Each structure stands twice: as C-alpha cells, then as structure tokens.
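The lines below spell out each chain.
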Amino acid sequence: MDRLRSLLFLLPLLQLSAAQSTTAPAVPAYTPPPGSPGFYHGNSSAAVTFDQQSLFLDNKRLFVFSGEFHPWRLPSGPEAWRDVLEKMKAAGFNSVSVYHHWGVTEPKQGDLNFGNFRSQGDFYQVAKEVGILVMARPGPYINAETTAGGFPGWTTNLAAKARTNATEWTNAWTPYLSNSAKAATPFQYPAGPIITVQAENEFVVSTPSDPGRSEAMVLVENNLRNNGITKVPITHNDPGTNGRYAHGLGMVDWYMWDGYPNGFLCASPSQWSEVRSDLIQEHMSIDPAEPWAAGEFQGGSFDPWGGSGYQQCYQLTGEEFANVFYKNNYASGIVYQNLYMTFGGTNWGNLPEPTVYTSYDYGAPIKEDRTLTPKYSEIKLQSHFLHASPDILVSTPVAAGTNFTNNANVYTTLLSGAPSGANFYVVRQTTNTNTSPVSFKLNINTAQGALTVPQFGSNITLAGRESKILVSNYQFGSSQLLYSTAEVNLTWFTMEKTDTIVLYALPGQQIEVVLPNITSNALSTQGSSSVTAKISNKSLIITGSPSGTTFIKAGSTSIIVADKFTARTFWNPKVDTKTTPYDVAPDVASVLVSGPYLVRNASISGPVLALRGDLNETTTLEVLAPASIKGVTWNGAPVVALPTAQGTLKCVLPFTLKKPTLPSLKSLQWACTDSLPEVQPGFDDSTWVVANKTTTNRPPQYQPFSGKFLLYADEYGFHQGNTLYRGHFKGANATGVKLAVEGGFNFGYSAWINSHFLFSNNGTNQYSANGGTNQVNDTLTFPAGSLTSGDNILTVVLDPTGLEEDFDGQDEHKTPRGIRGYELLGGGDFDSWKIIGNFGGESAPDKVRAHLPGFSTKGWSSGASCNPLTTGLSAAGIKAFRTSFNLNLPVGSDIPVALNFTRIPSSRHRSAIFINGWQFGRFSSADGPQTLFPLPDGILNSRGNNELLITLWSLDAPGAEFADVELVSTAVVQSSKRRFQEVS
Ligand code: GAL
C-alpha cells in the first residue's frame, strides 16, 4: 500500500520521464489494511473477494461493468426486466445496479408489500437467469429523483430526524431493510448474482453539530449482516470523492464514489466540464487498499419540469461524452463503473420528486421505450475491450501528461505494470474547451524498445471530442500487437487455433498496427481494401483508413479492422456453457456476429449456431464461428447462411413488420364527466377527513405560517397525487382569503368560493428567474355576491409534484405539502376544514397498480361533447374523458406505443393519463417539456382491449382544450423478447 502510495506521489516526476521510461513499475505487494473485513483476496474463503486492484469472482479478476436500472420504474414486470437485462448483457454489462424503494414497499407503516413491481426476489431471479451480476441497493435512503428520496410518505410525520440513530427512525426502517436483506441473502454470489450490497446512499458522517449519522450507518450495516448479507462486501456510494465511510465509524467493506461531471443542465447540451486528472490521486488518498470504484457515474441526466427534454440530456451525455469521460475513469484505474442510468424508465404514478416529470428516460443508453441508442453501442465497444484486456486490471496509472506526444493539446495517461508488459495509453484532448481535431505522434514503450508512432504513415488523430485507448505489447492468445494506433474493439478470441482480434477507428482516421514475430509469409486480405497489410522483417504492418470491414490473416493470426460505425454493429455473445454465465473473459468461447440491431445470445448445438436477437430493418447477418458450424438459426428458424471468402457465414435476415396503424383517438367513443363535483352546490364532504390537527412534529423550518388548523396533506395520510380541501366558514362578511400553498416546483392549484372560481397558480419552474419556488403566497378576493350568510366553502384543489428528497439529511422530505397557512380577510375565521387525497390514502386498495381500473362510468355523459379532441372546458375546472381501444400488434413484434400531446405553452392546463388503471403520465401544457408519454407493453395490452382515461384541468376561467392527442408508435422492432404478461 505504501509503495503504491509513494509511487503515485511521484506522478509529476514520472510525467517528465514517461516518454523515455521503458520498464513499467512492478505491481505493488498486496497488503490488506489492519482490521480489514473478510473480503480481501487471500485473506478470505469468500467467493467474492478483492485486493487493491480489482474484484475477484471465484479467484478470477473481473472488471465490474455495471449499469443502473430500477425495476419499479418499469412495472410491466419480470419479462420486461429480462428484456432490459438481456440488452445490457449483450452490450457487455456484466452487472446491474438496482435501487429498491422503501416508499412503494411500505406505503403504510407495518404494511410491507414485496409483490409485483416491488419484488426484489423476482428481480434477482431474472438477473440470475439472464446471467448478469447484481449490486443491490435497498437504501433505506436512495435519492434517485423519487418522492421523498425513497422514504414512505408517513415518515414525514415522525418526530425523529431521518437518517440518524434516533430510535424512532431506526424502528421505522428496520422491517423494510430486514426483509430486503432477507430477499437478497439467498442470491448472494455464488448461489445467485449479488456481488455487493450498498448501505444507505450519499450519506453524511457524524459531526458535533450533526450527530448520529455514522452511528446510523453502523445500524444499517449491522441490519444487513444480521439478516444474512455476510457473503458479499457491503459498499457505500459517496457523493463525489470525499472518502465518506472509507474509514472510521461506519466504514464499509468497499468504498465507492459517484460522479456526474457534466451536471444536469441539459439546456446547454454541448457544454462540457473538464475531465478530472486528479482521480488517481484521490484514490491514493482515500482507499488505496481497495479497487477504485465508481458506484455511480453519469450515464445521462434527469430533466426538470420546464426543462429541455431528454433529447438534449442525451446530447449532453451522448456517445462522445461516454467515449471521453468513461475512458478517463479507466485511465484513473477505475475497475468498477456503474452507469447511472443505463435504463431510466418512467416516473409513473406518483413516483417523481419535484425536479423531475413523468419520464425518467434520463438520456440513458437504453431509452424509456427500451430501444437502443448510439451511446449503447459506444459502451459496448468499451465494455468488450475491458473484458478482453484483463491486463488492465493489474496495471496502474504510472504516468500522465502532455509530453507523450508532439502536441500539447493531447493528454496521455499510461497504465502499465501487467506481467505481460502490456501498456495502455489513454489519449484525450488536454482540455475539453478544444473541440477541434488534433493530430500527433505518440512516444510508446514496446518490446522492441521506445518508438514514436506512427512510424510509417500519417499522424494519429483525435476527433474534437474523442479519447482512445492505444496499446503496446498487447497479448491475444499466442499472438501479440507490438502496438496499435487503432483501438481494440469487442474482443480477441482464439477459435480453432487462430487468434482473432478486432480493431477500429473513426472513418477518415489513419491507423498503424504492427504485429511482431510473424513466422510465415502467408498473408491474405479480404473485404474492404481501405486497409492494407504487408509483412516486413517478420512484422505484419497494417495501415490505412478503415471503412467497412477488412479481414487480414497471417498464419494463425487474424485481424479484423473496421470503421467505428461498422464496429458498433458487432456482437460477441459467449457460447461457453462450462464457465459461469457471468464470466466475460476473452478465453470464454464466443462467436462474432455483425449486422443485427440486437443479438441477445448465442448457443452451439452440434453443427448449428442458434442466435436470438432483434431486427429493425432488413439486415445482412455475418457470423464468424468455428468451422464446425454449418448452419445458423435466427430466433429458432433456420437461415441459409453461405460461407464467404473470409471464412464467415453470411445471409440476409428479412424485416417483415410494418408500422402499425393505431386507433385514432378522435374517432373513438368517449364518455366524460365533471371531475370536480366538489365545487357544485350541495356537495357532500361528510366522508372526508377532518383536518383538525393544530401541531406538527416537523422541524421549525417546516412549521405552518398561519391559521388555526394544520393543513399539511401528509399529516392526514395523503402523500401523493391531487389533494382537495374544503374550508367551511359562516357569514357573508369576509372579503377574501390569504393562502400560502406549497406543492413543489411546478405544482398547481385552483380555488373556488362556493361555486365561484377564484384563482389558480401554476407554481414556478426550478430555473425561472427567481430561482423557482415550492410555495406561493396569494391573496384571493371573493367576488361580490359569492358568499351566503350561512355556510360558505372554500375549495382548493392542489396538484403537488412529489415530496422533496432528503439529500442533505436535514429532513427536507418533511417540507409541507398542501396549505401551509391561511387567513380569512375581512373578519371571521374558518370553522373547520376537510381534506381528501389519493383513494384510500396510505391504505390504497389496489396493491398492484396503486390505481383502480374498471371504475364505473355510470352517470357519465357520452357523445360528441365528450370527445376530448373536439371539446374541452369552457371554464376553470377539471373534466375526465374515458375511452377504450383495441390493439392487435403482431406476435414477435416490439412496438412501443406512446400518447403524444401537442403542447400549447400559453395555455395553463394540466392532465393526468391513466392506462388500464395505471397513472402513466402527468402533462402540463404551460410547463412542458414532456409531450410524449410511453405506455409500456404489459401495462398496455398490445393484443387486446385497453382503457384510457385523460383528465383536463383548466387553471383559467376561459377554459382550455387539447390541441391534439394521439397514439403513436415510437419504434418497430422484430423482437425475440418474451411476451410481457399484462399485469392485472
Ligand atoms: C446521485 C444519487 C442518485 C441520483 C443521481 C442523480 O447523486 O446517488 O440517487 O439522485 O445523483 O440522478
């Protein structure tokens, strides 16, 4: 440890001499820190161990390439989870990280429900079947842009400060966490896929002014261990590289940090921050005895109400970002990387907290409709390279700087130290402010001495936003690259005694690759002539500018060179059944497949290679498989694959699907009803909850502003969705009312006195000029003649945007929701208040979808006046429109369907969308940005009847109408996914 530390402290000196240095420093001796827990390699009989360089599974080193996925954001259930996990695995993710959600699991204290989309065990089982490792993150706090950061709403009413060791708080989370741990216990590696369990999330430590944190962390860890998490390390996710829980009280087995370098401002999608050159120094000062691990690293960005939309978030964190920033992680010695999010999903129901809207697409590599992006393909290139290069796990960053090249605009980090002598040069732009291409020559160390490359051809180039990992002394099977200025793609593998490696570069870039010790003069080149090869002085020299695919064979070494876009279409499914399904090393038998949109997996049975995958167009399939393979099946059906000169099998896979014609909403039969009968004269609120509390346990900053009664919805068991208030007062003297209403960014409310509409407020955006506000103070004047001398009723309907997260641990989730203060103007006071919120409150009757389908439309109107495409509202108020439609999407298709609104930013209207009883969208015409609402398969019945309900809430007296709403398909994929069973 100390040797490694001192070595890294020499970095600045090494930078000066790096170009001349020819020997990589030895890997420092392994020294577990005193009192270290039981997972240190060589110190433990556990199946999951680690030393300071990497994780080991079954004594084999592994780069953990993980992606974040929240099953509760895809409630279609296990088959939908399988689809996402198969897609992740196909891209080379060998691990999935999963937050579980205490709030949705225990909506009422003591009433735990681990069924359906809340099932942790079902998720682990699917992961096990798919063969992808799991990092389990049950919280109890998760953050995650979900309401109350994952806490149940009822915790807002507890007196104890959350995330401390206060007994009331410990008692609150204990049943949930104990049961979560018990669900994970049987799935710990090697019995199941779980390799780590995270305690808490982004947690502060105890200080004299903020005690009880580290002690709470100990309680969380003890709970996990006492409930059976003993076979895998317990980790923590530190916000940034701050070293929390790497040492001292509450120290975890394995420290991890998170990083979101480009932030979350999707409005400036091409504005990058700089990559960090100091990460390795951070590692040395925080946890040099452990593998350097990013428990979360930016996979995209969330987007707030009124934000720029996920296309821009994708742009901010797209394939170029993935290329540059992730490679910088590898340059800093990261051997565990979890991309948050890899599939984001949907904040359906009332999952979001106030800074996010319904979609949690996140600009992630796999989109909300489960389709794949170019970023997914970029990541596939990287994950396969890392799996193919186990030497990187035993290499350390030994030198870095701008003096490796002849261009100061190029920054290089050298990783070396592997016994094989391999060197990895991670090159990037010195500053991200430079977005122009740079060209250079690189000084490298090779088995043939120091070289400046390229030796023969044109310079290496980096595009404006590009990073490359170039190698020297790179062993693959019995072959070696002396060096390569093209990147190593996917893998290398040895098939029938031939070592095959795949190399790539962007179109237009020149490459130079040299393989030493070529003993035979037999050389063949097939395919694209953009790259040429020659043998000179027992070296194979490959030069050119890749375009398409070139196949070069010299003796028993085969080199496939492709341009990067072609390389992205390659898949490398493992066909070995002897190793564990999690083993991704290059010595595990595999085949190389190019062409299809997705290749989920492959297996060999006798002379037949069976491929499972998806297509989005007619595709040429090309397969490099052992010569014993004579036939290929695609999704179970034989295809006529003919041998090619380059030794592959080739055929065309026809795409036969057409874009479906979906029902036109305008032509359907609709029923409708007034959805705000509460403002009609004579409305009976006798079954509502009496809001008669006068005090609250909340901290001083969350006390009410004014009024005799406490009107926070959560205090009465309503933690989500629309809330209605009826304030009763007597007499016609009052002139108006002052209201302080709090609902989170972009919340909305409307108020009526008796049946007279008074006023609406649509809240403000997080990014608005005043910095946004959760809360508004309004004075509402009662119009003449609106009061009676008897009972008067003020009705307030509120659309909150979720409970705050408790990011800072200061009980922010206890921020009030509802009416925070009130005062009747002109004399008198309210006698009583009634409140109602989501159906059933904490005891909502439907435990599956949290909403009820099949709600009777008895008494609803029908006919032309109920068609939301032709009639809206002519006054402030809320109206519900309901219809049903049939779908008959073809068997074997994956055709995501969405509801698409046309937005009128000048119109203040809001809508909730219910599909088959599930609330799958909240639309705000004034705020946006979301207009496209995916209705996921499984929630939607793609071959049967569906019930759609849309509300229209006009916040303004003239009323409002929809510009347009339509059903659209967002992709047409011929898919081998299993059918998602409709959740009923
Ligand atoms: C992290 C946090 C996650 C999520 C993310 C931003 O700091 O751990 O839960 O909130 O930020 O999407």
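All values derive from a computational prediction rather than experimental measurement.

Parameters at a glance
Residues numbered from 1 in each chain as written. Predicted model: local features only at pLDDT ≥ 70, side-chain atom pairs only at ≥ 80, totals over all residues. Heavy atoms only, no water. Helix = DSSP H or I, 4+ residues; strand = E, 2+ residues; numbered from the N terminus. Rg over C-alpha atoms; globule rule 2.2 N^0.38 Å. Buried < 20%, exposed > 50% of the residue type's maximum accessible area, 1.4 Å probe, protein only. Contact = heavy atoms within 4.5 Å. Areas by Shrake-Rupley, 256 points an atom, 1.4 Å probe, with all protein chains shown as cover. Lys, Arg positive; Asp, Glu negative; His and termini not counted. Charge placed at Lys NZ, Arg CZ, Asp CG, Glu CD. Salt bridge = Lys/Arg side-chain N within 4 Å of Asp/Glu carboxyl O. Phe/Tyr/Trp six-rings, centres within 6.5 Å; stacked < 30°, edge-to-face > 60°. Lys NZ or Arg CZ within 6 Å of the ring centre and 35° of its normal. Pairing = 2+ DSSP bridges. Disulfide = S-S within 2.5 Å. Core = buried A, V, L, I, M, F, W, Y, C linked by side-chain atoms within 4.5 Å. Domains from an automatic or database assignment. Axes fitted to C-alpha atoms, helices over the stretch in contact; angles between N-to-C directions. Parallel < 35°, antiparallel > 145°, perpendicular 65-115°, else oblique. Left-handed = near helix turned anticlockwise from the far one by under 90°. Nonpolar A, V, L, I, M, F, W, Y, C, P; charged D, E, K, R; others polar. Near = heavy atom within 4 Å. Polar contact = N/O pair within 3.5 Å; in protein donor to acceptor, adjacent residues only side chain to side chain. Expected span 1.5 Å × (residues − 1).

Turning next to the overall build of the protein. The helix and strand tally for the protein stands at 12 helices and 58 strands. The C-alpha atoms of the protein give 30 Å as radius of gyration, which agrees with the globular expectation for 984 residues (30 Å, within 12%). A principal-axis box enclosing the C-alpha atoms of the protein has dimensions of 105 × 65 × 50 Å. Relative to its full complement of 984 residues, the protein shows a buried share of 64%. Within the protein, contacts between residues at least 6 apart in sequence are counted, and of these 72% link residues at least 24 apart. Carbon and sulfur atoms make up 53% of the accessible area of the protein, which totals about 32900 Å². One way to put it: in the protein the 67 positive side-chain charges average out to a point 5 Å from where the 78 negative ones average out.

Here we come to unusual backbone geometry. Following Tyr189, the chain continues into Pro190 via a peptide bond in cis, with omega recorded as 10°. Secondary-structure assignment places Pro190 in the loop between α6 (167-184) and β7 (194-198). Of note, the amide linkage connecting Tyr340 to Met341 takes the cis form, showing an omega dihedral of -10°. Position of Met341 relative to the elements: it lies in strand β11 (residues 334-343).

A full pass over the atoms with the stated rule returns 41 salt bridges. Among the ionic pairs, Arg213 bridges to Asp210, the shortest N-O distance being 3.0 Å. Here Arg213 falls in the buried class, since its relative accessible area comes to 0%. Taking the shortest distance from any N to any O, the salt bridge between Arg698 and Glu715 comes out at 2.9 Å. One end of the pair, Arg698, is in the loop between β39 (689-690) and β40 (711-712); the other, Glu715, is in the loop between β40 and β41 (723-730), and 17 residues separate them in sequence.

Right, let's get into the packing of aromatic side chains. For the structure shown, the criterion picks out 58 aromatic pairs. Between Phe117 and Trp348 the ring centres are 5.0 Å apart and the planes differ by 85°, which places this aromatic pair in the edge-to-face class. Of this pair, Phe117 sits in the loop between α4 (102-105) and α5 (120-130) while Trp348 sits in the loop between β11 and α11 (374-388); the two residues are 231 residues apart in sequence, bridging distant segments of the chain. Residue class for Trp348 comes out buried when judged on its relative accessible area of 4%. An aromatic cluster of at least three residues, connected via ring pairs, comprises Tyr99, Tyr260, Phe264, Phe302, Tyr340, Tyr360 and Tyr362. Above the plane of the ring of Tyr716 lies Lys693, whose end atom (NZ or CZ) is 5.8 Å from the centre. Looking at Arg882, its charged tip hangs above the ring of Trp860, at a distance of 5.8 Å from the centre.

This brings us to the pairing of strand β16 (residues 442-446). The buried fraction of β16 amounts to four of the five residues, a majority that puts the element mostly inside the structure. In this structure, β16 lies alongside strand β17 (residues 449-453), joined through five bridges in antiparallel fashion. Bridge assignment links Asn445 to a residue of β17, and that residue is Ala450. Turn length for the β16-β17 hairpin, with the two strands adjacent in sequence and antiparallel, is two residues.

Formally, a disulfide is one covalent bond, and it connects the sulfur atom of one cysteine to the sulfur atom of another. The full count for this structure, using the stated rule, is two disulfides. Across the disulfide from Cys266 sits Cys313; the S-S distance is 2.2 Å. Across the S-S bond linking Cys266 and Cys313, the dihedral sits near 100°, which makes this disulfide right-handed. Here Cys313 lies in helix α9 (residues 310-316) and Cys266 lies in the loop between β9 (254-259) and α8 (279-286), a separation of 47 residues in the sequence. Note on Cys266: relative accessible area 1%, which makes it buried.

Core analysis: the largest hydrophobic core is formed by 151 residues, its most contacted members being Phe69, Leu85, Tyr474, Leu481, Ile542 and Leu611. Mapped onto the domain boundaries, this core takes at least three residues apiece from domain 1 (62-368) and domain 2 (398-601). In this structure, Ile542 is in contact with Ile511, Glu512, Val513, Leu515, Val531, Thr532, Ala533, Ile552, Ile559 and Val561, ignoring residues within four places of it in sequence. With 55 residues, the next largest nonpolar core counts Tyr362, Phe881, Val897 and Ile950 among its residues.

Time to look at the packing of helix α10 (residues 319-331) against α11. In helix packing, the relevant descriptors are the interaxial angle and the interaxial distance, both defined with respect to the helix axes. Taken N-terminus to C-terminus, the directions of α10 and α11 make an angle of 25°; their axes are 8 Å apart at the nearest point. On the basis of the axis angle, α10 is roughly parallel to α11. When you trace α10 past α11, the crossing you get is right-handed. For the pair formed by α10 and α11, the contact residues are Glu319, Ala322, Asn323, Tyr326, Lys327 and Tyr330 on the first element and Pro374, Lys375, Glu378, Ile379, Gln382 and Leu386 on the second. Looking at the contact of α10 with α11, its residues break down into six nonpolar, two polar and four charged.

Let's shift gears to the environment of Leu952. In this fold, Leu952 is placed in strand β56 (residues 943-954). Linking Leu952 and Lys89, residues 863 residues apart in sequence, is a C-alpha distance of 42 Å. In contact with Leu952, other than residues within four places in its own chain, are Gly872, Leu873, Gly877, Ile878, Lys879, Phe881, His909, Arg910, Ser911, Ala960, Glu961 and Phe962.

What follows covers the site of the ligand. The immediate surroundings of the ligand are formed by 16 residues, with Tyr99, Asn143, Glu145, Glu202 and Tyr362 found nearest. A distance of 2.7 Å separates an oxygen atom of the ligand from a polar atom in the side chain of Asn143. In the model, an oxygen atom of the ligand is placed 3.3 Å from a nitrogen or oxygen of the Asp258 side chain. Summarising the interface, the protein chains cover 95% of the accessible area of the ligand, which totals 310 Å² for the free molecule.

For helix α3 (residues 78-90), with 13 residues, the first-to-last C-alpha span of 18 Å sits near the 18 Å given by 1.5 Å per residue. Most of α3 is tucked away: 11 of the 13 residues are buried. Looking one or two places after α3, you find Gly92, whose phi comes out positive at around 95°.

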